[in-house]
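Tertiary structure, described
Chain residues, written in single-letter form:
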Amino acid sequence: DISFSIDLVQLALNHLEFLEFIDYQRIFYNSDLVKCAAYKYEKYWLPFYAKQIENGKNPANFYPSYDVAWIWHCHLLSPVDYRRDCKNLFNRVLDHFCFNRQEIELKQKYTKDLWEKTLGVSFFDSEYDKNFTTKLGYDLISSSERQKNFYYNVSLPHFRSKNFLQLCLERYKKFLFVKQTFPDMFVVPCYGIDII
């Protein structure tokens, strides 16, 4: 009887589209670019995004450049750390939305204009301060390194089938039930559960 207020099957398809784009580019796995992206994520994106929310703007209207979006994705994969880091920096958890590519690119145009106007920094800037000290408790660089092969494991055609993803959703519900019933048990999800 576990239910969700969002369409996890459609969002999984959106997310697969995002991961395919990131994987196809390959440059997003470059260690120097990852360092720049992690810097931009913490120094600019998170404070900018938090400020827009604080000013009453709809967070679903904003989306970062793809390099920063990749780092955000990696941070979100550790939800306990993500929650803690957001609470420490902004006293709130910053929502993330899983859009399709067309929606992402529209939101990026809107974000880019406001970003450059308010921050005076290029939306696609790739420079970073090597002396910057992170306040995040989660290692984004290592996470990116670990995650760069994930798409390969979910790139076969059946992962684009709504019927298959519906089965994955049922498995995800069972996974949550097991975790709820045995909270101390270490349970490793399969790739289908992971993508949901």
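Source: prediction; values computed, not measured. (Residues numbered from 1 in each chain as written. Predicted model: local features only at pLDDT ≥ 70, side-chain atom pairs only at ≥ 80, totals over all residues. Heavy atoms only, no water.)

This part covers the packing of aromatic side chains. What the rule picks out here adds up to 23 aromatic pairs. For the pair Phe18 and Tyr66, a centre-to-centre distance of 6.4 Å together with 25 degrees between the ring planes defines the contact as stacked. Taken together, the residues Phe18 in helix H1 (residues 8-25) and Tyr66 in helix H3 (residues 66-76) connect sequence positions 48 residues apart. For the pair formed by Phe18 and Tyr66, the shared burial category is buried. A cation over a ring is seen here: Lys107 above Phe99, with NZ or CZ 4.6 Å from the ring centre. (Phe/Tyr/Trp six-rings, centres within 6.5 Å; stacked < 30°, edge-to-face > 60°. Helix = DSSP H or I, 4+ residues; strand = E, 2+ residues; numbered from the N terminus. Buried < 20%, exposed > 50% of the residue type's maximum accessible area, 1.4 Å probe, protein only. Lys NZ or Arg CZ within 6 Å of the ring centre and 35° of its normal.)

In this model, helix H8 (residues 162-181) (20 residues) spans 28 Å end to end at C-alpha, consistent with the 28 Å of a helix rising 1.5 Å per residue. Turning to H8, its buried residues number three or more, namely Phe164, Leu165, Cys168, Leu169, Tyr172 and Phe175. Taken down its axis, H8 places every buried residue within 145 degrees of arc, on the same side. Looking at H8, the residues exposed on the side facing more than 90 degrees away from the buried face are Asn163, Lys174, Phe177 and Gln180. On the buried face of H8, the contacting elements are H1 and helix H9 (191-195). Between the side-chain oxygen at the start of H8 and the backbone nitrogen of Asn163 there is a gap of 3.3 Å, and the oxygen is on Ser161. (Expected span 1.5 Å × (residues − 1). Arc of directions from axis to C-beta. Contact = heavy atoms within 4.5 Å. Polar contact = N/O pair within 3.5 Å; in protein donor to acceptor, adjacent residues only side chain to side chain.)

This brings us to the environment of Thr118. Within the secondary structure, Thr118 sits in helix H5 (residues 101-119). Taking the C-alpha atoms as reference points, Thr118 and Asn153, separated by 35 residues in sequence, lie 40 Å from one another. Within the structure, Thr118 has its side chain in polar contact with the backbone oxygen of Leu114 (distance 2.8 Å).

Moving on to the pattern of salt bridges. Using the criterion set out here, one finds 9 salt bridges in the structure. Residues Asp67 and Lys40 are paired through a salt bridge, measuring 3.0 Å at the closest nitrogen-oxygen approach. Within this pair, whereas Asp67 is found in helix H3, its partner Lys40 is found in helix H2 (residues 31-54), the two being separated by 27 residues in sequence. Here Asp67 matches Lys40 in class, with each residue buried. In this structure, the salt-bridge partner of Glu105 is Arg101, at a minimum N-O distance of 2.8 Å. Note that Glu105 and Arg101 are positioned in helix H5 at a spacing of 4 residues, about one turn of the helix. (Salt bridge = Lys/Arg side-chain N within 4 Å of Asp/Glu carboxyl O.)

Let's shift gears to the nonpolar core. Ranked by internal contacts, the top residues of the largest apolar core, which has 58 residues, are Tyr41, Trp45, Ile195 and Ile196. Every element with two or more residues in this core is listed here: H1, H2, H3, helix H4 (79-90), H5, helix H7 (150-153), H8 and H9. The biggest single contributor to this core is H2, with 12 residues. Setting aside chain neighbours within four positions, we find Ile195 in contact with Ala12, His15, Leu16, Leu19, Phe150, Val154, Phe159 and Leu165. (Core = buried A, V, L, I, M, F, W, Y, C linked by side-chain atoms within 4.5 Å.)

Tracing the sequence through the fold places Lys107 in helix H5. For the buried Lys107, no salt bridge is present, and the opposite-charge side chain at shortest range is Glu103, 6.0 Å distant. (Lys, Arg positive; Asp, Glu negative; His and termini not counted.)

The subject of this paragraph is unusual backbone geometry. Most peptide bonds take the trans form, and the phi angle of most residues other than glycine is negative. Here Asn91, not a glycine, exhibits a phi torsion of approximately 60 degrees, which is positive. Locating Asn91 in the fold gives a position in the loop between H4 and H5. Classification of Asn91 as exposed rests on a relative accessible area of 68%.

Attention now moves to the environment of Cys168. For Cys168, the location among the structural elements is in helix H8. For Cys168 and Ile196, which are 28 residues apart along the polypeptide, the C-alpha to C-alpha distance reads 6.8 Å. Setting aside anything within four residues of it in sequence, one finds Cys168 in contact with Gly192, Ile193 and Ile196.

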